[in-house]
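The chain contents come next:
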Amino acid sequence: MNVSFSGARKYKTSQNNIDTMQRIAYVVMGDSKVEKIYFGGAEGVDTEMLVRCGKLKNVVPYKKKLIAIVPNTIKDQPEFAQKAIEEYADSVIELKNPITQDDGYKSYRRKN
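First, a word on scope: everything that follows refers to the structure included in this document.

Analysis parameters
- Residues numbered from 1 in each chain as written.
- Predicted model: local features only at pLDDT ≥ 70, side-chain atom pairs only at ≥ 80, totals over all residues.
- Heavy atoms only, no water.
- Salt bridge = Lys/Arg side-chain N within 4 Å of Asp/Glu carboxyl O.
- Helix = DSSP H or I, 4+ residues; strand = E, 2+ residues; numbered from the N terminus.
- Buried < 20%, exposed > 50% of the residue type's maximum accessible area, 1.4 Å probe, protein only.
- Contact = heavy atoms within 4.5 Å.
- Phe/Tyr/Trp six-rings, centres within 6.5 Å; stacked < 30°, edge-to-face > 60°.
- Axes fitted to C-alpha atoms, helices over the stretch in contact; angles between N-to-C directions.
- Parallel < 35°, antiparallel > 145°, perpendicular 65-115°, else oblique.
- Left-handed = near helix turned anticlockwise from the far one by under 90°.
- Nonpolar A, V, L, I, M, F, W, Y, C, P; charged D, E, K, R; others polar.
- Core = buried A, V, L, I, M, F, W, Y, C linked by side-chain atoms within 4.5 Å.

## Here's the deal with the pattern of salt bridges
Enumeration according to the criterion identifies four salt bridges in this entry. Asp-90 is the salt-bridge partner of Lys-57, the closest N and O atoms lying 2.3 Å from each other. Residue Lys-57 is found in the loop between helix H2 (45–56) and strand S3 (65–70), and its partner Asp-90 is found in the loop between helix H3 (79–88) and strand S4 (91–94); the two are separated by 33 residues along the sequence. Two residues, Glu-79 and Lys-83, come together in a salt bridge whose shortest N-O distance is 3.0 Å. Taken together, the positions of Glu-79 and Lys-83, both in helix H3 and four residues apart, correspond to about one turn of that helix. For the residue pair Glu-79 and Lys-83, the accessibility class agrees, reading exposed in each case.

Set out below in structure tokens:
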């Protein structure tokens, strides 16, 4: 089974949201049926979940492949997201769709 995380770039960092993301990371990382987990690659919920799952990789009994998917290239992502992807993702899929305002940022919707 595969799981994917994609979400808002800006979200409230309330204790409830943090606790919820941590619980979700534990559940997904501890599920023996989950083999691959895909992350949107944007700074926000996507990256937060990649970091949380990445920190659990060597703690949980079942190995998972963490995969980041970015709309263009990793160098086009925000710095924090780049660092998280480099540290925690097992692989990166670069869709190589240019990110431009002229087309209403279609590359982001193609990724999803």
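## As for the environment of Lys-57
Spatially, the C-alpha atom of Lys-57 lies 9.6 Å from that of Gly-30, the residues being 27 residues apart in sequence. If sequence neighbours within four positions are ignored, Lys-57 has contacts with Met-29, Lys-63, Lys-64, Leu-66, Tyr-88 and Asp-90.

## Let's talk about the packing of aromatic side chains
Within this structure, the stated rule accounts for one aromatic pair. When the ring of Phe-5 is compared with that of Phe-39, the centres are 5.7 Å apart and the planes differ by 20°; the resulting orientation is stacked. A residue pair is termed long-range when its members are at least 10 positions apart, and Phe-5 in strand S1 (residues 2–5) and Phe-39 in strand S2 (residues 36–39) qualify at 34 residues. Of the two residues, Phe-5 and Phe-39, both sit in the buried class.

## Some points on the packing of helix H1 (residues 15–30) against H2
Two elements in contact, H1 and H2, have axes whose closest approach is 9 Å; the angle formed by their N-to-C orientations is 50°. When the axes of H1 and H2 are compared, the pair comes out oblique. In this structure, H1 meets H2 at a crossing whose hand is right-handed. Along its contact with H1, which presents Ile-18, Met-21, Gln-22, Ile-24, Ala-25, Tyr-26 and Met-29, the element H2 presents Glu-48, Met-49, Arg-52, Cys-53 and Leu-56. Within the contact of H1 with H2, the residues separate by chemical class into nine nonpolar, one polar and two charged.

## Quick look at the nonpolar core
Phe-5, Ile-37 and Phe-39 are the most contacted members of the largest nonpolar core, which has 24 residues in total. Within the residue set of this core, elements represented by two or more residues are S1, H1, S2, H2, S3 and H3. Counting residues per element, this core draws most heavily on H2, at six residues. Residues contacting Ile-37, with those up to four places away along its chain left out, are Val-3, Phe-5, Val-28, Met-29, Lys-64, Lys-65, Leu-66 and Ile-67.

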